[in-house]
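Observations on chain architecture
One-letter residues, chain by chain:
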Amino acid sequence: MQKIPLLLAREGMTLARDVFRGNASTGMPICGKGHELTTSLIERFDKLEVQAVYVEGHPVWEEGGASLDNLLCALDGRFIKTMHNPQNAMLHTIYKAYLIKSMGGDCDRQAE
Amino acid sequence: MTDKRSKLKKIILDTKTLPTLPSVIHKLNSLSDNERSSVREMARIVSSDQVLSARILRLANSPSYGFHKVSTISNAMILLGVNVVKSLALSSSIFAIMEKESVGLWEHSLAVGVAANLIARKLGLQECEEIATAGLLHDIGKVIIALKCNEAEKSILNLVNERQMYCIEAEREIIDTDHAEIGGWLSKNWFLPDKLSEPIAFHHNVAQSVHHCLKTSVVHIADVIVKASGFGCSGDCFVPQIEDIAWNTLQLNEKMLAELVDEIEDKLIEVKNFSLEMMGD
Ligand SMILES: [Fe+2]
Ligand SMILES: [Fe+2]
């Protein structure tokens, strides 16, 4: 599952979570999960000020298609100077877990 | 202060070329915070400046603040209060200077504003909007270096790449000062309150923040988290060391940090959206 800005939502993607008006997370959903996106549906979301949607899989690849490996490698690179500091090492571990969670489509779906 | 440094300070604070804040901001600052007459007067002053009004509303609805559906200035006054509108007026004016300069830095700043706001809320601190504003403005010194010391900026970037240094180290080597100190000079020049100028001047050395250590700590941690995330581009490739004083002042722990990362990452999607829309303008 991936959360993407509405600007990057495309026809054919499948909603992984209910969509609410104006990005609220409560109330009546305006579209249920499992729905396949269409151009007109995306336009409707836009009118209702939806900013982001959760979609199945990982259809949007930022920065020239970074894979999980690439992302983790970049993360290590950013922390290279400060891993000796316990709080920085902690933040590194947290980010590593976060990246694995956000990129692992299948295990993520089971968890929800 | 060394020769080089005082010369540079002169160049930077040369009012002929320094970006100035609209006079509206100074008028607003001279009004008292709570009197009813001030509120009405303020709404009048702000509304008289169409461009400023538009910017304030756009920023009020940006993810750094996240007040949804604020559509008029008087609405903003009622919903958000006078101080918040003052903050908004100030940051939107400064951002007008910044937007044109660098997309990466603008995204970094918006993200640090968002992160600072979320941290402040999570810790139940007062003046969350002020803290968000400090986050938005924390790297303003970098904008000024780019504007005023074009040649030096190039050398700084080269040094950062060649020797894999932090920006602040390269800045000290080339211009004998750094963006935080320059931000501090500028805040004095613009008569910004201490609660904004301290986080700007000391976000890379929290211990020096005497009166607003809490706010400075929040901005420092927000900057670190956003750099860890790799979002936007501050000019630094490396995550700074989390300063003990900031960690202890905020009484952070692993669980809180993990929750903050989740919340901040969730919100950064909106920042991306907001900045994509702005680029489309
Ligand atoms: Fe900085
Ligand atoms: Fe920064």
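Above: the structure in question.
These notes cover the structure that comes with them.

Thresholds applied
- Position numbers for residues count from 1 along each chain, tracking the sequence in the order it is written.
- Throughout, the order in which chains and ligands are written sets their labels, letters from A for the former and numbers from 1 for the latter.
- In view of the model being predicted, local features appear only for residues whose pLDDT reaches at least 70, and side-chain atom pairs are presented and counted only at 80 or more, with totals across whole chains, interfaces and linings using the full set of residues.
- Note that water and hydrogens are dropped before the side-chain values are worked out from all heavy atoms of the structure.
- What counts as a helix is a DSSP run of H or I of at least four residues, what counts as a strand is a run of E of at least two, and both are numbered from the N terminus.
- For every residue, the accessible area obtained with a 1.4 Å probe (protein chains only) is divided by the maximum for its type, and the residue is called buried under 20%, exposed over 50%, and partly exposed between those limits.
- Contacts are assigned to residue pairs with any non-hydrogen atoms lying within 4.5 Å of each other.
- Sites may look incomplete because water is not among the atoms; the donors themselves are N, O and S atoms within 2.8 Å of the metal, or within 3.2 Å for Na, K and Ca.
- For four-coordinate sites, all angles between 85 and 135 degrees define a tetrahedron; for four- and six-coordinate sites, opposite donors beyond 155 degrees with the remaining angles between 65 and 115 define square planar and octahedral shapes respectively, and all other cases count as irregular.
- We count a salt bridge whenever a side-chain nitrogen from Lys or Arg sits within 4 Å of a carboxyl oxygen from Asp or Glu.

**As for the overall build of chain B**
A count of helical and extended segments in chain B gives 16 helices and zero strands. Here chain B, with 281 residues, has 57% of them falling under the buried criterion. Across chain B, the fraction of contacts at a sequence separation of at least 24, relative to all contacts at a separation of at least 6, is 66%.

**Thoughts on the coordination of the iron ion (ligand 1)**
Residues and elements named next belong to chain B. Within the first shell, the iron ion (ligand 1) binds the protein through D139 (OD), H179 (NE2), H203 (NE2) and H204 (NE2), at distances of 2.2 to 2.3 Å. For the iron ion (ligand 1), the four donor atoms in the first shell make angles of 83 to 169 degrees at the metal, a pattern classed as irregular. Along the chain, the residues that donate to the iron ion (ligand 1) are spaced as D-x39-H-x23-H-H. The distance between the iron ion (ligand 1) and the iron ion (ligand 2) comes to 3.6 Å, with D139 serving as a donor to both metals. Of this pair, D139 sits in the loop between α8 (128-137) and α9 (140-148) while H179 sits in helix α12 (residues 179-189); the two residues are 40 residues apart in sequence, bridging distant segments of the chain. Across the pair, exposure class does not vary: D139 and H179 are buried alike.

**Brief notes about the pattern of salt bridges**
Residues and elements named next belong to chain B. Summed over all chains, the structure comprises 14 salt bridges over all chains. Taking the shortest distance from any N to any O, the salt bridge between E127 and K195 comes out at 2.9 Å. Pair noted here: E127 is in the loop between α7 (103-122) and α8 and K195 is in helix α13 (residues 194-202), with a separation of 68 residues, a long-range link. The shortest N-O distance in the salt bridge between K227 and D236 comes to 3.4 Å. Take D236: its relative accessible area is 14%, and that puts it in the buried class. Each of K122, K255, E259 and E263 takes part in one network of salt bridges that share partners.

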